[in-house]
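# Analysis of the macromolecular model
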Amino acid sequence: MVTAWRHIYGLWGRFWFVPLIPALHAAFMASIGALRPEHVLAALAFAGLGFAVEKTKLLVAAAFPALLVALAYDLMRFVTPVFVRPGRVWGCEMRALELKLFGVGPDTTLPDFFNVHHAPFFDVLFALPYALFIYIAALYSIFLFVKDRERMHHYLWAFAIAHVIGFAIWMAIPAAPPWYIRAHGCVIDPTAAPSAAALLRVDQLLGIHYFEGFYSRNPNSFGAMPSLHCVFPALGLLTAWRSATWLTRPIHVIYLVLMVIASVYLDHHWLIDGTVGIIVAIVAVFIAARLRGRRWP
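Residues numbered from 1 in each chain as written. Predicted model: local features only at pLDDT ≥ 70, side-chain atom pairs only at ≥ 80, totals over all residues. Heavy atoms only, no water.

A few words now on a nonpolar patch on the surface. Taken together, the side chains of Val124, Leu128, Leu132, Ile134, Tyr135, Ile136, Leu205, Leu206, Ile208, Tyr210 and Phe214 make up a nonpolar region of the molecular surface, amounting to roughly 910 Å² of accessible area. Of the residues forming the nonpolar patch, the biggest block, 6 residues, is contributed by helix H8 (residues 120-147). By the element assignment, Phe214 lies in helix H12 (residues 210-215). Judged by relative accessible area, which is 32%, Phe214 ranks as partly exposed. (Patch = residues over 30% accessible without salt bridge, like charges linked within 9 Å, V, L, I, M, F, W, Y side chains within 5 Å. Areas by Shrake-Rupley, 256 points an atom, 1.4 Å probe, with all protein chains shown as cover. Salt bridge = Lys/Arg side-chain N within 4 Å of Asp/Glu carboxyl O. Helix = DSSP H or I, 4+ residues; strand = E, 2+ residues; numbered from the N terminus. Buried < 20%, exposed > 50% of the residue type's maximum accessible area, 1.4 Å probe, protein only.)

Pasting the structure below:
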C-alpha cells in the first residue's frame, strides 16, 4: 500500500486525485441511478492510465481539458431545467432572424430549402462529419500529443474554453433548432424529446439506429446557438493556422466548410449558429493562447 502511494504521488504530487475524477463522477451517477457503461469505462481508463507509468500519466494530464468538457456536458441535464424555460427560449424569433440575415427566398431559410431539396448521396456525405467529429478530435489530439505537444495544449484548452462559453450561451439564450420549429411550431415545450432530424434519413437508409440513439441522449433540445459542431473544426483550423502547410491547411478549411453546410443541411442548426460558433472558437483560441503566454494570431 505504501509503495503504491509513493508511486502515485511520485507521478502526480499533490494532484494525485486527478485520475480519480471520472470515478467520482461515475459514483455520483450510480447514486442517482443514472450510471451508464461509458461512465465506468472512463473511470477505469483514466485511473488505469493515470496511475500506470509516466508516459500514460502525461497522456491523461493532456486530456484533462477534454475530460472537464465531457463531465460538464454530462451534468448539463441538471442545470438545463433551471434556465431553459418557455419564456426564455428563442423559437420562431431565431427563424425570423435567420430569414432576415440569411434568407434564400420568400419565407425560406437554408434549412427550409434543404428540407425539400435533399438526396441520399448528400445525406450520407454530410452525416460523415456529424458521425466522426468526436473521433476526429480525439485522434487529432493524439496526433498532436506525439508531434506537437505545445499546439496540443493550445488546442485542448481552447476546446475547453469554447465549451464553457458555448454552455453559458446555451443557458443565457436558449435557442430552438430548425427541426424543432418544423415539428412543433412556435410553441416551446421544454420536455420535447431531442431529435436526430435529417440524420434519421441516414439511419433508415443504412438500416441502423446510430443517430437516433446518439441524439436521444442530448440533455438540451434548445442548445442550437452556438453550434459546437462547427466549433470543433474551427478550433483545429485556428490553432494550426501558423504551422499548417499548403497540404494540411486546405484539409482544415474543407472540414470546417463541410461541417457548417452539414449543420444546416441536416436541419440541426441555423446558419447563425455556425457563425456564432466560429466566433466563439476565435475567442477561445485567443484566450487559450494568452493563458499559455503566447501571441495569437
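There's more to say after this.
What follows is about unusual backbone geometry. Of note, the amide linkage connecting Met225 to Pro226 takes the cis form, showing an omega dihedral of 0°. For Pro226, the position within the fold is in the loop between H12 and helix H13 (228-240). The phi dihedral of Asp107 is positive, around 50°, even though this residue is not glycine. The topology assignment puts Asp107 in the loop between helix H6 (92-102) and helix H7 (110-116). Judged by relative accessible area, Asp107 falls into the exposed class, the value being 55%.

The next thing to look at is the UniProt feature "domain: Inositolphosphotransferase Aur1/Ipt1" (unreviewed entry) in the protein chain. What UniProt calls "domain: Inositolphosphotransferase Aur1/Ipt1" (unreviewed entry) maps, in this numbering, to residues 116-285. Secondary structure across residues 116-285 divides into 71% helix and 0% strand, with the first and last C-alpha atoms of the span separated by 37 Å. (UniProt positions renumbered as here; feature names shortened; annotations may be inferred.)

Once that is clear, we can look at the UniProt feature "transmembrane region" (unreviewed entry) in the protein chain. In the numbering used here, UniProt assigns the feature "transmembrane region" (unreviewed entry) to residues 15-35, 56-76, 124-146, 155-173, 222-240, 247-266 and 272-291. End C-alpha atoms of residues 272-291 are separated by 29 Å, and the span's content is 100% helix alongside 0% strand.

With 20 residues, helix H5 (residues 64-83) should reach 28 Å at 1.5 Å per residue; the first-to-last C-alpha distance of 27 Å fits that figure. Its maximal kink placed at Arg77, H5 deviates by approximately 50°, while the proline Pro81 follows within four residues. What H5 keeps buried is the set Phe64, Pro65, Leu67, Val69, Leu71, Asp74, Met76 and Thr80. Buried residues in H5 make contact with helix H2 (21-31), helix H3 (37-50), helix H4 (54-62) and helix H9 (149-172). (Expected span 1.5 Å × (residues − 1). Bend = angle between axes of the 7 residues up to and from the residue. Contact = heavy atoms within 4.5 Å.)

Once that is clear, we can look at the packing of H5 against H9. Two elements in contact, H5 and H9, have axes whose closest approach is 10 Å; the angle formed by their N-to-C orientations is 5°. On the basis of the axis angle, H5 is roughly parallel to H9. Listed contacts from H9 to Phe64, Pro65, Ala66, Val69, Ala72, Tyr73, Met76, Val79, Thr80 and Phe83 of H5 are Leu156, Trp157, Phe159, Ala160, His163, Phe167, Trp170 and Met171. Residue composition of the contact of H5 with H9, by class: 16 nonpolar, 2 polar and no charged. (Axes fitted to C-alpha atoms, helices over the stretch in contact; angles between N-to-C directions. Parallel < 35°, antiparallel > 145°, perpendicular 65-115°, else oblique. Nonpolar A, V, L, I, M, F, W, Y, C, P; charged D, E, K, R; others polar.)

Once that is clear, we can look at the domain arrangement of the protein chain. For the protein chain, the assigned domains read domain 1 (1-83) and domain 2 (86-292). Computed from C-alpha atoms alone, the centre-to-centre distance between domain 1 and domain 2 is 27 Å. Between domain 1 and domain 2, the residue contacts involve 18 residues of the former and 18 residues of the latter. Regarding the contact of domain 1 and domain 2, the summed buried area is about 1500 Å², with carbon and sulfur atoms giving 79% of it. At the junction of domain 1 and domain 2, the tally comes to 1 salt bridge. (Domains from an automatic or database assignment. Buried area = accessible area lost by both parts, 1.4 Å probe.)

To continue, consider the state of the cysteines. One way to say it: the disulfide is the covalent bond shared by the sulfur atoms of two cysteines. This structure, assessed with the given rule, holds 1 disulfide. The partner cysteine of Cys92 in its disulfide is Cys186, sulfur to sulfur 1.8 Å. The sign of the S-S torsion, about -90°, decides the handedness of the disulfide formed by Cys92 and Cys186: left-handed. Residue Cys92 is located in helix H6, and its partner Cys186 is located in the loop between helix H10 (178-184) and helix H11 (199-206); the two are separated by 94 residues in the primary sequence. Judged by relative accessible area, Cys92 falls into the partly exposed class, the value being 24%. (Disulfide = S-S within 2.5 Å.)

In this section: the environment of Tyr210. Considering the arrangement of structural elements, one finds Tyr210 in helix H12. Accessibility expressed as a relative area gives 33% for Tyr210, which makes it partly exposed. Sequence spacing of Tyr210 and Leu199 is 11 residues, and the spatial spacing of their C-alpha atoms is 9.3 Å. Every residue in contact with Tyr210, bar those within four places of it in the chain, is listed here: Ala131, Tyr135 and Asp203.

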